[in-house]
Structures are given as structure tokens and as C-alpha cells.
Amino acid sequence: MKLTFFSKGMLKLFLTSFLLPLLFTSCVYKDLDGANNFQAMLRALVENSYTKLDKNISKDETVLVSDFVNLDNLQNHSKLGFLLSDTLKNSLLSKNILVREVELGNNFQIGKRGFNVLSRNSNKINNQVIDENFAVVGTYSVTTKRLIVFIKLIDVRSGTILSSSTASTLIDEEILDLERTPDSSTVYAPMVL
């Protein structure tokens, strides 16, 4: 059976209509229910940096991972930074990259709001406390239309950025809710069943 010009055109239109949305949904980190898929976003960031991660980090080496901080103030006061950080740790671990929970140092802050790097100057970091050579540092920015996420592999000794990746997704109510800073009277406690 021969396809006519009309049926070939309809077939092309159907395939284009079907495949184009699939292609573009891979660039949008949303699930079918409209929820944000932070796992897919961070997995893609790690995948984009994996060649350099694999080249620089030996199999038995451990990396430090800080909480994601907002570029506006370099602090983490929201659930969004904690969520992104834990998701990044899972993505690194799935690539067999060892992640270390951090000890206190002069230029790290661990408190109510998580673990934050307080300095971008690696010479100020207390080298006696930190045995690791590398840190994966995450930052994000919330614009009026997008959440933009960055990860960087940093040589802790020299301060050199060895790898960097970025991804973004459209802002929605879920992201805004996660980014809201809780007032001082809000206490997050585990649920007891």
C-alpha cells in the first residue's frame, strides 16, 4: 500500500506533534502532576559535570557538600536550600562519589540553618579540620520567572573551580513556598506517629 502525499504529511504532523512535546519536557523539570522534579534537575547537573568530577576525584576520595545558599545573601534560611543539598548528595552518591558530613571549621557555619561555607577564600579555610581536597558547592537564585541552580566542584586547597553546571526551571508556588523564610516563631520538628 502506497502512502499518498496527504497521508505522508499527516504522518509527519502526527509524529512532530507527539515528539516535540517530549523533547521539550526533558528541559523542564516538572512531573506530570506539575510538581517540581528537583531530583531530575540535580541529576542532570551532576551528569553535566561528571566527566570533570570523575577526572579529578579518585574512587576512594570524599567530597564536602554544603547546603545550597541563595546568591542574594549567601545564606540558607529556607527549606529550598536543604532540599537541593540533600538531592545533590543523593545524585553524587548514585555516581559512587563519596560525600562527607562536615566537621566544624573556621569558615564553615553549622547551626539552625544548616551547613554554610562562610568564605570564598580557600586560604582562610582551616586546613587542619578539612582533610578533603574537593567541595561541591551549590547556589541558587530566584528571579521573577525562574529558579536558577548552580553547582561547582572546587579544589579546596587552591580555590580553583574545576567544574560548573547550571539548570533552571520556571518559578511556581511550590518553589516560592520552599523559599519563604520562616518567621522566628516557626519550629520545624519531626512528626511522631
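Residues numbered from 1 in each chain as written. Predicted model: local features only at pLDDT ≥ 70, side-chain atom pairs only at ≥ 80, totals over all residues. Heavy atoms only, no water.

Draft legend 1. Geometry of the environment of Phe38. Among the structural elements, Phe38 can be located in helix H2 (residues 38–56). Excluding anything up to four places from it in sequence, Phe38 contacts Leu80, Leu83, Leu84, Thr87, Leu147, Ile175 and Leu178. (Helix = DSSP H or I, 4+ residues; strand = E, 2+ residues; numbered from the N terminus. Contact = heavy atoms within 4.5 Å.)

Draft legend 2. Local environment of the environment of Asp60. Structurally, Asp60 can be placed in the loop between H2 and strand E1 (62–65). Separated by 3.0 Å, the side chains of Asp60 and Ser58 make a polar contact. (Polar contact = N/O pair within 3.5 Å; in protein donor to acceptor, adjacent residues only side chain to side chain.)

Draft legend 3. Region of interest: the pairing of strand E8 (residues 161–170). For strand E7 (residues 146–155) and E8, the ladder comprises nine bridges, and the chain directions are antiparallel. Residue pairing in the sheet places Val149 in a bridge with Ala167 of E8. (Pairing = 2+ DSSP bridges.)

Draft legend 4. View of the pattern of salt bridges. Inspection of the entire model under this criterion finds six salt bridges. Taking the shortest distance from any N to any O, the salt bridge between Lys89 and Asp86 comes out at 3.9 Å. With Lys89 and Asp86 both in helix H3 (residues 79–94) and three residues apart, the pair spans about one turn of that helix. On the basis of relative accessible area, Lys89 is assigned to the buried category, the value being 13%. (Salt bridge = Lys/Arg side-chain N within 4 Å of Asp/Glu carboxyl O. Buried < 20%, exposed > 50% of the residue type's maximum accessible area, 1.4 Å probe, protein only.)

Draft legend 5. Looking closely at the packing of aromatic side chains. For the coordinates displayed, the defined rule picks out zero aromatic pairs. Directly above the ring of Tyr50 sits Lys95, whose terminal nitrogen or CZ lies 4.6 Å from the centroid. (Phe/Tyr/Trp six-rings, centres within 6.5 Å; stacked < 30°, edge-to-face > 60°. Lys NZ or Arg CZ within 6 Å of the ring centre and 35° of its normal.)

Draft legend 6. Up close: the nonpolar core. If you look at the biggest cluster of nonpolar residues, it comprises 27 residues, and the most contacted ones within it are Leu88 and Leu92. Listed by contribution, the elements that provide at least two residues to this core are H2, E1, H3, strand E6 (134–142), E7 and helix H4 (173–179). No other element matches H2, which puts six residues into this core. Those residues within four positions of Leu92 in sequence are excluded, and the remaining contacts are Val46, Leu53, Val63, Val65, Ile97, Val99 and Val136. (Core = buried A, V, L, I, M, F, W, Y, C linked by side-chain atoms within 4.5 Å.)

Draft legend 7. Layout of H3. The first and last C-alpha atoms of H3 sit 23 Å apart over 16 residues, in line with the 22 Å expected at 1.5 Å per residue. Here the buried face of H3 lies against H2, E1, strand E3 (98–100), E6, E7 and H4. Immediately beyond the C-terminal end of H3, within one or two residues, lies Asn96, with a positive phi of roughly 65 degrees. (Expected span 1.5 Å × (residues − 1).)

Draft legend 8. Spatial organisation of empty space enclosed by the protein. Evaluated as defined, the whole model comprises two cavities of 30 Å³ or more. Looking at the largest cavity, the residues that line it are Tyr50, Asp54, Ile57, Ser58, Lys59, Lys95, Asn96 and Ile97. Each pocket or cavity is described by its volume, and for the second largest cavity that value is around 40 Å³. Every residue lining the second largest cavity is listed: Ser49, Leu53, Leu92, Val136, Ile151, Lys152, Leu153 and Ser163. At the level of elements, H2 and E7 are the ones that each hand at least two residues to the lining of the second largest cavity. Considering each element in turn, the lining of the second largest cavity owes the most residues, three residues, to E7. The class makeup of the residues in the lining of the second largest cavity is five nonpolar, two polar and one charged. (1 Å grid on protein atoms, 1.4 Å probe; cavity = no way out; pocket = protein on both sides within 12 Å on 5 of 7 lines; lining within 4 Å. Points joined across faces, edges and corners; volume = space filled by probe spheres on them. Nonpolar A, V, L, I, M, F, W, Y, C, P; charged D, E, K, R; others polar.)

Note that all results are geometric; they support no functional claim without further evidence.
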